[in-house]
2 protein chains.
Amino acid sequence: MNPTHLAGPVLVLGSGLLGASIGLGLRAHGIDVVVSDPSPSAQAVAVDIGAGRGFDDAENLEPELVVVAAPPDVTAAVVAGALQTYPSAVVVDIASVKVAVAAELADILGPNRGMLERYVGTHPMAGREKSGPVAALGELFNSMPWVLCASEVSSQHAVKVAHSLAIDLNAVVFRFTPDEHDAAVALVSHLPQVMSSLVASRLQETPPHALSLAGNGLRDVTRIAASDPALWVQILGANAPKLLEIMLGVRADLDRLITTLSAPTAPGARLDMAQLMAEGNAGQTRIPGKHGGPAQQYTWLTVLVDDKPGQIAKLLTEIGHIGVNVEDLRMDHSAGLQVGMVEISVLPSKRVSLVEDLTERGWKVIL
Amino acid sequence: MNPTHLAGPVLVLGSGLLGASIGLGLRAHGIDVVVSDPSPSAQAVAVDIGAGRGFDDAENLEPELVVVAAPPDVTAAVVAGALQTYPSAVVVDIASVKVAVAAELADILGPNRGMLERYVGTHPMAGREKSGPVAALGELFNSMPWVLCASEVSSQHAVKVAHSLAIDLNAVVFRFTPDEHDAAVALVSHLPQVMSSLVASRLQETPPHALSLAGNGLRDVTRIAASDPALWVQILGANAPKLLEIMLGVRADLDRLITTLSAPTAPGARLDMAQLMAEGNAGQTRIPGKHGGPAQQYTWLTVLVDDKPGQIAKLLTEIGHIGVNVEDLRMDHSAGLQVGMVEISVLPSKRVSLVEDLTERGWKVIL
């Protein structure tokens, strides 16, 4: 079963960041997109930015596909409505939890649950720190994972159409069961979110001079603590059982740590502390590299640059001339002044010659 | 009291990453540096890379300053020895905890604790993911915080010499009491470290396909989980009381979260969850921006680039021509393929004209 391009029309229900981005991306292929939102102004903005034409009650629309891009709390109800209103359409949702939506959907449909053969739950793993149609972007899903969670009753046709949607938006398709999906996102998304919030929460009543010592470690760990509570409450609530299991494991480790900190000179305390840190090392190395490759596929090197306009550009221009692709780049957040360190990651095979070439051109490279 | 440049000679005890970096940085000012390490090979490497001349027993050295750059566990003993061996020298250490070192030092010196007038505890907040003299770098402390923790008995002269050390290495000096220092680093450094390790630890037994969904959030939160357990056990052990207090607060919040996750539809559960997330928001916004400025001093914008050699360089070159300084830059870690998003931060006052100029030059800027 090869996915083909969507034929359309595609009805997008919900014109927030993700719905409007889907509309924009499909419109770029010339696909007929209709956008609908309970908020007339949100719908109008989505239409204005080119995410599709506005929904018109009078039109006898027969969509090939309905994409439900509603908040997680109302997703199941909107999916059920779409399955009933458009009896020949495939319906997908894009909520970031899947088991709870599927269960609620089966409840709502009751005797009509045969309709679920036309439904596929999906989860595009893309987003931005901003929300709403104004932040929408047709390229939002480019190269990002899009998880398809077909159920046992999803038809081959429905899966093929859902797959086509992801492919048309240049996403990378993964196939998970709803249960596998929810367990995976509890771990890779919901766990870091709540832990980041717990760390940031401790900073609320600190004297400002303590925070003046903040470095990259604190900044990295707390970056996602800026996320929107309203959305996250829906996500965490809907995936509570899976996340709970993980958080109980965290609490057991935290209790081990608290025991060692309470009596740091007790026999075995240091060994326990080292063991906890080593377990963190072991887990961290399992995270795959960019492009879904194996972990640590790239190698980092550090270059000193003056902190003034044009220096990093000059560096990257020269790396471009040398013909090496910079896979990732980080700048050091320092406390002031004029010299910075830029870390760049490159393919290990390019490393030695790049260091030689840069050094020859007068850059100070630190290995 | 204005710090002046050091006159030397400076004796650096310990030639790991930090000791060797201090030697290199001082040598760049032409200061006479002597390096000493219990490991003859580590000392030889430090000498080879130009961090100073090797310690010679036969020489009657009278250092202006002794810098103790030993592991935290032995710092107090080495400081005590230096105070006794070099009766006219100022002695500083650079361990990342200060109260425990000061207490142990007073114990060791006993009736000789009058010598402490020549001692100042300090903490340069710089480091790299690598260790050892091979990774040393004279510029390591450039623009980074260097905390001076003078005690009540530290002489003005001793503080002035310690200050000069930090200034000669281009660091940014902060003055804290030992107690304030340990409370601050427990919060901004030790807390994120252990929380990052606790998150990463959960990844140890996950099926790899779950980790294929890992995004920037997980990567950011777990980056420092790669840190060295042997070093961190010494740091956490020495600052256990301060960190314990913070971790008990974390456990109280974690228990609140676990309660809501155990019964996510119970009355008040959602409100509690939202409250926890909002507390994280509130703490996160208190972290100051780069250059020690107020939080969120810079504004971010996103530019689409092709993921091939030279594209980011081209973008930054053009930004350089426009005359705007890029304060920070992040690349999106996506799951594959050819288009990426680059986020750059600039001064808010430059934002509007930069967006216009970039758009005119054909870049796709996302606001």
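Parameters at a glance
Residues numbered from 1 in each chain as written. Chains lettered and ligands numbered in written order. Predicted model: local features only at pLDDT ≥ 70, side-chain atom pairs only at ≥ 80, totals over all residues. Heavy atoms only, no water. Helix = DSSP H or I, 4+ residues; strand = E, 2+ residues; numbered from the N terminus. Buried < 20%, exposed > 50% of the residue type's maximum accessible area, 1.4 Å probe, protein only. Contact = heavy atoms within 4.5 Å. Lys, Arg positive; Asp, Glu negative; His and termini not counted. Charge placed at Lys NZ, Arg CZ, Asp CG, Glu CD. Axes fitted to C-alpha atoms, helices over the stretch in contact; angles between N-to-C directions. Parallel < 35°, antiparallel > 145°, perpendicular 65-115°, else oblique. Left-handed = near helix turned anticlockwise from the far one by under 90°. Nonpolar A, V, L, I, M, F, W, Y, C, P; charged D, E, K, R; others polar. Least-squares fit on C-alpha atoms with pLDDT ≥ 70 in both. Buried area = accessible area lost by both parts, 1.4 Å probe. Salt bridge = Lys/Arg side-chain N within 4 Å of Asp/Glu carboxyl O. Polar contact = N/O pair within 3.5 Å; in protein donor to acceptor, adjacent residues only side chain to side chain. Core = buried A, V, L, I, M, F, W, Y, C linked by side-chain atoms within 4.5 Å. Pairing = 2+ DSSP bridges. Right-handed = clockwise from strand over helix to strand, strands pointing away. Domains from an automatic or database assignment. Phe/Tyr/Trp six-rings, centres within 6.5 Å; stacked < 30°, edge-to-face > 60°. pLDDT = per-residue confidence, 0-100.

What follows deals with the overall build of chain A. Scanning chain A from N- to C-terminus turns up 13 helices and 12 strands. Looking at chain A residue by residue over its 367 residues, the buried ones come to 59%. Contacts spanning at least 24 positions in sequence make up 69% of the contacts within chain A whose residues lie at least 6 apart. Here chain A contributes 25 positively and 38 negatively charged side chains, and the mean placements of these two sets differ by 7 Å.

Glancing now at the packing of helix H3 (residues 72-85) of chain A against helix H4 (residues 99-109) of chain A. Residue and element names in this part refer to chain A. Direction vectors running N to C along H3 and H4 enclose 45 degrees, while the axes themselves pass 9 Å from each other. With respect to each other, H3 and H4 are oriented oblique. In the packing of H3 onto H4, the handedness of the crossing is right-handed. Touching Asp73, Thr75, Ala76, Ala77, Val79, Ala80, Leu83 and Gln84 of H3 are Val101, Glu104, Leu105, Ile108 and Leu109, all from H4. Looking at the contact of H3 with H4 residue by residue, the class counts come to 9 nonpolar, 2 polar and 2 charged.

So, about the relation of the copies chain B and chain A. Two chain copies here: they are related by a rotation about an axis and a translation along the same axis. Note on the copies: chain B fits chain A at an RMSD of 0.1 Å, the axial shift is 0.0 Å, and the rotation between them is 180 degrees. Accordingly, the operation relating the two chain copies is best matched by a two-fold axis. Minimal C-alpha separation from the rotation axis in chain B is found for Val221(B), amounting to 2.1 Å. A shared interface surface links the copies, since 100% of the contact residues of chain B are contact residues in chain A too.

Opposite the 129 residues of chain B that make contact, chain A presents 130 residues. Interface of chain B and chain A: buried area, both sides summed, is about 11,800 Å²; carbon and sulfur atoms make up 67% of it. Applying the counting rule to chain B against chain A returns 10 salt bridges. Applying the counting criterion to the chain B and chain A interface returns 24 residue pairs in polar contact (both at pLDDT 80 or more).

So, about the nonpolar core. Membership of the largest hydrophobic core comes to 83 residues, with the highest contact counts inside it found for Met195(A), Met247(A), Met195(B), Leu213(B) and Met247(B). Apart from the residues lying within four places of it in its own chain, the contact partners of Met195(A) are Met247(A), Val250(A), Met195(B), Leu198(B) and Val199(B).

With that settled, the discussion passes to the pairing of strand S8 (residues 172-175) of chain A. All names here are of chain A. Here strand S7 (residues 145-149) runs beside S8; their pairing, made up of 4 bridges, is parallel. Each residue of the ladder has a partner; that of valine 147, found in S8, is phenylalanine 174. Viewed along the sheet, the connection from S7 through helix H5 (residues 156-168) into S8 turns out right-handed.

Our next topic: the environment of Trp300(A). Residue and element names in this part refer to chain A. One can find tryptophan 300 in strand S9 (residues 299-306). When the C-alpha atoms of tryptophan 300 and serine 131 are compared, they prove to be 33 Å apart, with 169 residues separating the residues in sequence. With residues near it in sequence (within four places) discarded, tryptophan 300 still touches Asp328, Arg330, Glu343, Ile344, Ser345 and Arg351.

A separate point is the sheet that holds strand S2 (residues 33-36) of chain A. Residue and element names in this part refer to chain A. Read across the open sheet, the 8 strands follow the order S3-S2-S1-S4-S5-S6-S7-S8; overall the sheet is mixed. Each edge of the sheet is formed by a strand with only one pairing partner; in this case those strands are strand S3 (53-54) and S8. Where strand S6 (residues 119-124) meets S7, 4 bridges bridge the pair, whose relative direction is antiparallel. Paired with proline 124 across the two strands is tryptophan 146, which belongs to S7. Seen against the sheet, H3 touches strand S1 (10-13), strand S4 (65-68), strand S5 (90-93) and S6 and runs at an angle of roughly 170 degrees to S5.

Moving on: the domain arrangement of chain A. Residue and element names in this part refer to chain A. The domain boundaries assigned to chain A delineate domain 1 (10-176), domain 2 (183-284) and domain 3 (299-366). If you average the C-alpha positions of domain 1 and of domain 2, the two centres end up 33 Å apart. On the side of domain 2, 8 residues touch domain 1, which itself brings 9 residues to the contact. Summed over both partners, the interface of domain 1 with domain 2 buries about 680 Å², with 71% contributed by carbon and sulfur atoms. Its largest share of buried area at the contact with domain 2, domain 1 owes to Pro72, Ser96 and Val97, together 51% of the area lost on that side. Inspection of the region where domain 1 meets domain 2 yields 0 salt bridges. Run the count over domain 1 and domain 2 and you get 1 residue pair in polar contact (both at pLDDT 80 or more).

With that settled, consider the packing of helix H6 (residues 178-201) of chain B against helix H9 (residues 229-238) of chain B. If you want to describe how two helices pack, look at the angle between their axes and the distance between the axes. Residue and element names in this part refer to chain B. Here H6 crosses H9 at 125 degrees, and the two axes come no closer than 11 Å. The angle between H6 and H9 places the two elements in the oblique class. As H6 runs across H9, the sense of the crossing is left-handed. Residues Ser189, His190, Gln193 and Val194 of H6 lie in contact with H9, whose contacting residues are Trp232, Ile235 and Leu236. Considered class by class, the residues forming the contact of H6 with H9 number 4 nonpolar, 3 polar and no charged.

Turning to the packing of aromatic side chains, a few remarks are in order. Residues and elements named next belong to chain A. Summed over all chains, the structure comprises 4 aromatic pairs over all chains. Centroid distance phenylalanine 141 to tryptophan 146: 5.1 Å. Interplanar angle 50 degrees. Geometry classified as tilted. One exposure class covers both phenylalanine 141 and tryptophan 146, and it is buried.

This next bit is on helix H1 (residues 17-27) of chain B. Residues and elements named next belong to chain B. Buried residues dominate H1, accounting for 9 of its 11 residues. For H1, the set of buried residues is Leu17, Gly19, Ala20, Ser21, Ile22, Gly23, Leu24, Gly25 and Leu26. As for H1, its buried residues are in contact with strand S1 (10-13), strand S2 (33-36), helix H2 (40-48), strand S4 (65-68), strand S7 (145-149) and helix H5 (156-168).

If you trace the backbone, Gln43(B) turns up in helix H2. Owing to a relative accessible area of 15%, Gln43(B) belongs among the buried residues under this scheme.

Moving on, we come to the pattern of salt bridges. Pairs can form between side chains of opposite charge whenever their charged atoms are close. Evaluated as defined, the whole model comprises 28 salt bridges over all chains. Here Asp220(B) and Arg223(A) are joined by a salt bridge, their closest N and O atoms 3.0 Å apart. Pair noted here: Asp220(B) is in helix H8 (residues 216-222) and Arg223(A) is in the loop between helix H8 (216-222) and helix H9 (229-238), and the two residues belong to different chains. Two residues, Arg251(A) and Asp255(B), come together in a salt bridge whose shortest N-O distance is 2.6 Å. With Arg251(A) in helix H10 (residues 240-262) and Asp255(B) in helix H10 (residues 240-262), the pair connects residues from two separate chains. Owing to a relative accessible area of 26%, Arg251(A) belongs among the partly exposed residues under this scheme. Looking at Asp255(B), the relative accessible area reads 27%, which means it is partly exposed. Through salt bridges with shared partners, one network takes in Arg202(A), Asp253(B), Arg256(B) and Glu279(B).

To continue, consider the confidence of the model for chain A. Detailed reading of the predicted coordinates is not advisable wherever pLDDT falls low. The predicted model of chain A has a mean per-residue pLDDT of 88, with 92% of residues at 70 or higher. Predicted confidence is poor over residues 333-338 of chain A, with pLDDT under 50, and the contacts of this stretch with residues over four places away or in other chains come to 25 contacts.

Glancing now at unusual backbone geometry. Residue and element names in this part refer to chain A. Omega for the bond connecting glycine 8 with proline 9 falls within 30 degrees of zero, at -5 degrees, which places this linkage in the cis form. Checked against the element boundaries, proline 9 lands in the segment before S1. Positive phi outside glycine occurs at asparagine 170, with the angle close to 60 degrees. Among the structural elements, asparagine 170 can be located in the loop between H5 and S8.

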